[in-house]
Amino acid sequence: MKTTQLLITLALAATAQAGDWLQFRGSNGNGVAENETLPINLSADNLKWSVKLPGRGLSGAIVVGDRVFVTCSNGARQDRLHVVCLNAKDGSIRWHRQFWATGRTMCHPKTSVAGPTPCSDGEYIYANFSSNDLVCLDLDGNLQWLRGLTHDYANVSNSLGMAASLVVAGGTLVVPVENDSESYTIGIDKITGRNLWRLNRPKSANWTTPTILEGVFKGRDLVALQSSKGVVAVDLRTGDKVWNFGNGASTTSSTCVFDGVLYVPSRGITALRPRSDGKTPDEIWQSGRLQPSTASPIVLDGHVFTINRAGVLTAGNLATGEREWQLRLKGPFSSTPAAAGKHLYFFNEKGLMQIVDVTVKEGEITGKLDLDDQILATPAVANGAIYVRSNTKIYKVAK
Amino acid sequence: MKHRLLAGLATISLGAFCWAAPSVSSSLKTLRAVGPEGQGNAAAAKAWKQLIKADATALPEILAAMDGANPLAANWLRSAVDTIAARDKKLPLKALQKFLANKKQNPRARRLAFELIQRVEPDTAAKLIPAMLNDPSVELRRDAVERVIDQGLDLKKIKKDGPAKEQFRKALDAARDIDQIKTITTQLRQLKEEVDLPRHFGFLMHWRVIGPFDNTKHAGFAKVFPPEKAVKLDAIYAGKAGKVQWSQFVTADEYGKVDINQAYPGLIKEVTAYAYTTYDAPAARAVELRLGCKNAYKVWVNGRLIFGRDEYHRGTRIDHYQLKANFKKGRNTILIKLCQNHQTESWTKEWEFQLRVCDPTGTALHATNRPPTPKQGTNNN
């Protein structure tokens, strides 16, 4: 028995690691990479490798140990779905699996069937696509289970393209497939791939990613689901509703959680502190002067940051929401920045990487690197490197 | 002693073979049994682990199991093929070629077999392409069409217009992908050739339409208006703004767009209309109705609802929806309900659809009562 426990412990230690980036906006879901040292000035030497991918996409990469995972789609109908595993060290492809889309692949030309960022619990990779095909693979690419959510529910689709990312916590995979017609968020058993719960959601296209709230209500984990109606928090294991914030919210940029407070893209940004009694969260502040666009807000060094599409970075006071300073970056932006140390890392749609030191008064751009490529994806930070995928390639930037 | 050892080894080998073969077939059976909402996933996971222990000689059998498999099962099988082929570098090329040559096998499985051959012997694969011009696999056909287009372009470049036209005609007859059809059409028209795109695609151009009925707050999508109960072409009903009755509507749009705004001019919103046509089939058969539409819609075939979707103005393309239906021999009826919402932005003006009837490859199936392609439509559309 002791030997078994030891083996399980060793096995887990070999998979989930502190430096991993396990989902959209990282393992903490807030875009901040803890204890990472990244370059703060940039030159061509910082580009360690770039690798052509077998298809298109704007999903973010995720990183588990020394492996980088990314999804793509290709084919005349974009109905061939790819999950690719690369070696972080040199970008060589470790394995590559393909699936056929079982749902519709129609989407706006700017987006892609490989829109949602995959996630991992450190042992398995969960990847979904705009066609609502969902696969679970182990780190070596062995298929564990699969679902076709449009195959299951024929009107689950969005003709502009689905792009909300899935998240995993505890034993539950939370898969948002919200759209104008048959609109759900589904809690799926991460081991079997069967539904634990299926929640009817507002009939409205929604590209926001759920946010895990660990142990915030009677020790239970909740998941906050954002939509045009606001934010509803449900029990991660059962899907039962716990609280509701009904003042409306964005359907593109997603809530960011820092130190137990939700910074919701609602009427600008609204800061909400969940209550221990499970009632509607307390509204700490609301600011219409912090306006996120497609990119989600991020918190660093006592500020909440938003960036609009054109490239105006706005710093708000974390405690009050008061706007403190603005800095113009070169846009346009679709991707959400990542943070490490005292810096924010941005990629604009033309592939220009820009680093901002947020501790300098009114912010300072400390580094730029032009990758000259279409980048709409949110970067991943792991083990001293930043990984970002373009529509056709994936790049590693490091010291 | 030596003979006994050999006999023993032979027995073990034979035993292993005999054990492996039923294991593959039993795994395949389990994988083919997966169903919706994750049904069969647990058993499939175990069967998949067993299946991938097989060596590459099992690949044709796994590919063959895709025939008739549901799309979820096909993905389980495909993943096993990928995993085995990635591990075992020595692929059974002759068996794969034999599999590829059998056009009764699943088209996607055959394409996968082709790509396995291509990975190991690209020259062999390239030689197979010309014979695939009319292949049931749309992806294999695409490669062959591309080759003929290239030949046409080469001939056109050296001013051999006659042979170039022949190549482009050959390519058009075989082409099923929209991008290729558009490329070929452009080339043929530059060479002063006529192209009947509606006929090539099989778009239905002649309709009867009735409306507008009410769709305030999207309620019209669910409401059953009289045409849903029975199509009576001489009836008069109460519409949203007065009496409504069926009228003829012919589209001359190359891509078969039926623009309801043309029938009811003026930017009218929160309305519903119906379009109706008949299709005389030479024999009973399964068909695909391929619909492009950015309005909420419902489609009935012979009075039976086959699909509906309440999404507005998110985008569309040719073949956006591929709807399965069964036609009977003789006259079939097609009824479409098309809803327009409240939005007033310029990109929400469209109130239109395009519909074609084809087989699973996208090859047009023409009705015996199909009229010639119209040169001019209703209201000169």
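The rules behind the values
Residues numbered from 1 in each chain as written. Chains lettered and ligands numbered in written order. Predicted model: local features only at pLDDT ≥ 70, side-chain atom pairs only at ≥ 80, totals over all residues. Helix = DSSP H or I, 4+ residues; strand = E, 2+ residues; numbered from the N terminus. Rg over C-alpha atoms; globule rule 2.2 N^0.38 Å. Buried ≥ 20, exposed ≤ 12 C-beta atoms within 10 Å, placed from the backbone. Contact = placed C-beta atoms within 7 Å. pLDDT = per-residue confidence, 0-100. Nonpolar A, V, L, I, M, F, W, Y, C, P; charged D, E, K, R; others polar. Pairing = 2+ DSSP bridges. Expected span 1.5 Å × (residues − 1). Axes fitted to C-alpha atoms, helices over the stretch in contact; angles between N-to-C directions. Parallel < 35°, antiparallel > 145°, perpendicular 65-115°, else oblique. Left-handed = near helix turned anticlockwise from the far one by under 90°. Core = buried A, V, L, I, M, F, W, Y, C linked by C-beta atoms within 7 Å. Domains from an automatic or database assignment.

Once that is clear, we can look at the overall build of chain A. Looking only at helices and strands, one finds two helices and 33 strands in chain A. Over its C-alpha atoms chain A spans a radius of gyration of 20 Å, differing by no more than 12% from the 21 Å that the globule rule assigns to 399 residues. With the C-alpha coordinates of chain A rotated into their principal frame, the extents come out at 50 × 50 × 50 Å. For chain A, with 399 residues in total, the buried portion stands at 57%. For chain A, contacts bridging at least 24 residues in sequence account for 53% of all contacts bridging at least 6.

Attention shifts here to the overall build of chain B. Counting secondary structure elements, chain B contains 13 helices and 12 strands. At 26 Å, chain B has a C-alpha radius of gyration far larger than the 21 Å of a compact globule built from 381 residues. Once the C-alpha set of chain B is aligned to its principal axes, its extents read approximately 100 × 60 × 40 Å. Across chain B, the fraction of contacts at a sequence separation of at least 24, relative to all contacts at a separation of at least 6, is 72%.

Summing up the model confidence of chain A, the mean pLDDT is 94 and the portion of residues at 70 or higher is 96%. Note on residues 1–14 of chain A: pLDDT is under 50 here. Beyond four places in sequence and across chains, it has zero contacts.

In this complex, chain A contributes 30 residues to the contact, which on the side of chain B involves 31 residues. When residues of the side of chain A that touches chain B are traced back to their parent elements, those giving at least two are strand 6 (93–100), strand 10 (143–148) and helix 2 (149–152) of chain A. It is strand 10 of chain A that provides the largest number of residues to the side of chain A that touches chain B, a total of six residues. Residue composition of the side of chain A that touches chain B, by class: 10 nonpolar, 15 polar and five charged.

Glycine aside, residues mostly have negative phi angles, and peptide bonds mostly take the trans form. All names here are of chain A. Residue proline 332 follows glycine 331 across a cis peptide bond; omega there is 0°. Take proline 332: it is sitting in the loop between strand 26 (323–328) and strand 27 (338–340). Backbone geometry at glutamine 78 places phi at a positive 50°, although glycine is not the residue there. When you line up the elements, glutamine 78 lands in the loop between strand 4 (67–74) and strand 5 (80–87). Overall, glutamine 78 belongs to the buried group, with 23 C-beta atoms counted inside 10 Å.

Residues and elements named next belong to chain A. Pairing geometry for strand 13 (residues 184–189) and strand 14 (residues 195–200), over five bridges, is antiparallel. Bridging from a neighbouring strand, glycine 187 pairs with tryptophan 197 of strand 14. The hairpin formed by strand 13 and strand 14 contains five residues between the paired strands, and glycine 193 there has a positive phi angle of roughly 80°.

Here we come to helix 10 (residues 178–190) of chain B. Along its 13 residues, helix 10 of chain B runs 18 Å from first to last C-alpha, staying within 8% of the 18 Å computed at 1.5 Å per residue. Immediately downstream of helix 10 of chain B, the backbone of B:Lys192 shows phi near 65°, a positive value.

All names here are of chain B. Reading across from one edge, 5-12-7-10 is the order of the four strands in this open sheet, with antiparallel pairing throughout. Looking at the sheet topology across the chains shown, the edges are occupied by strand 5 (258–259) and strand 10 (321–327). In this sheet, strand 12 (residues 352–358) lies alongside strand 5 in antiparallel orientation, the contact comprising two bridges. Paired with aspartate 259 across the strands is glutamate 352, a residue of strand 12.

For the rest of this paragraph, the subject is the packing of helix 9 (residues 161–174) of chain B against helix 10 of chain B. All names here are of chain B. Close contact between helix 9 and helix 10 brings their axes to 10 Å; oriented N to C, the two are set at 150°. Compared by their axis directions, helix 9 and helix 10 come out roughly antiparallel. Pair helix 9 / helix 10 crosses with left-handed handedness. Together, Lys165, Phe168, Ala171 and Leu172 of helix 9 and Ile181, Ile184, Gln187 and Leu188 of helix 10 make up the contact between the two elements. Looking at side-chain class alone, the contact of helix 9 with helix 10 contains six nonpolar, one polar and one charged residues.

Our next topic: the confidence of the model for chain B. Note that predicted coordinates carrying low pLDDT should not be read in detail. Of all residues in chain B, 93% attain a pLDDT of 70 or more, and the chain-wide mean is 93. Below pLDDT 50 for its whole length, residues 1–20 of chain B participates in one contact with residues either more than four positions away or in separate chains.

Time to look at the sheet that holds strand 15 (residues 211–217) of chain A. Residue and element names in this part refer to chain A. Taken together, four strands build an open sheet; the order of strands is 15-16-17-18 and the sheet is antiparallel. One side of each edge strand has no neighbouring strand; the edge strands of this open sheet are strand 15 and strand 18 (241–245). On average, adjacent strands in this sheet sit at an angle of 25° to one another, irrespective of strand direction. Bridge count for strand 15 against strand 16 (residues 220–227) is four bridges, and the pairing is antiparallel. Considered in strand 16, the bridge of leucine 213 is made with leucine 222.

Turning next to the packing of helix 5 (residues 93–101) of chain B against helix 6 (residues 107–120) of chain B. Residues and elements named next belong to chain B. As a packed pair, helix 5 and helix 6 sit with axes 9 Å apart at the nearest point and diverge in direction by 145°. Considering how the two elements wind past one another, helix 5 and helix 6 form a crossing that is left-handed. The residues of helix 6 that touch helix 5, namely those facing Leu93, Leu96, Gln97, Phe99 and Leu100, are Arg110, Ala113, Phe114, Leu116, Ile117 and Val120. Taken together, the residues of the contact of helix 5 with helix 6 sort by class into nine nonpolar, one polar and one charged.

Let us look at the nonpolar core. Residues and elements named next belong to chain B. In this structure, Trp76 and Leu77 are the most contacted members of the largest nonpolar core, which totals 172 residues. Per-element accounting of this core gives the leading share, eight residues, to helix 4 (residues 71–87). When residues of this core are assigned to domains, at least three fall in each of domain 1 (18–132) and domain 2 (139–195). By size, the runner-up hydrophobic cluster in this structure holds 44 residues, among which are Tyr274, Tyr279, Leu291 and Leu338.

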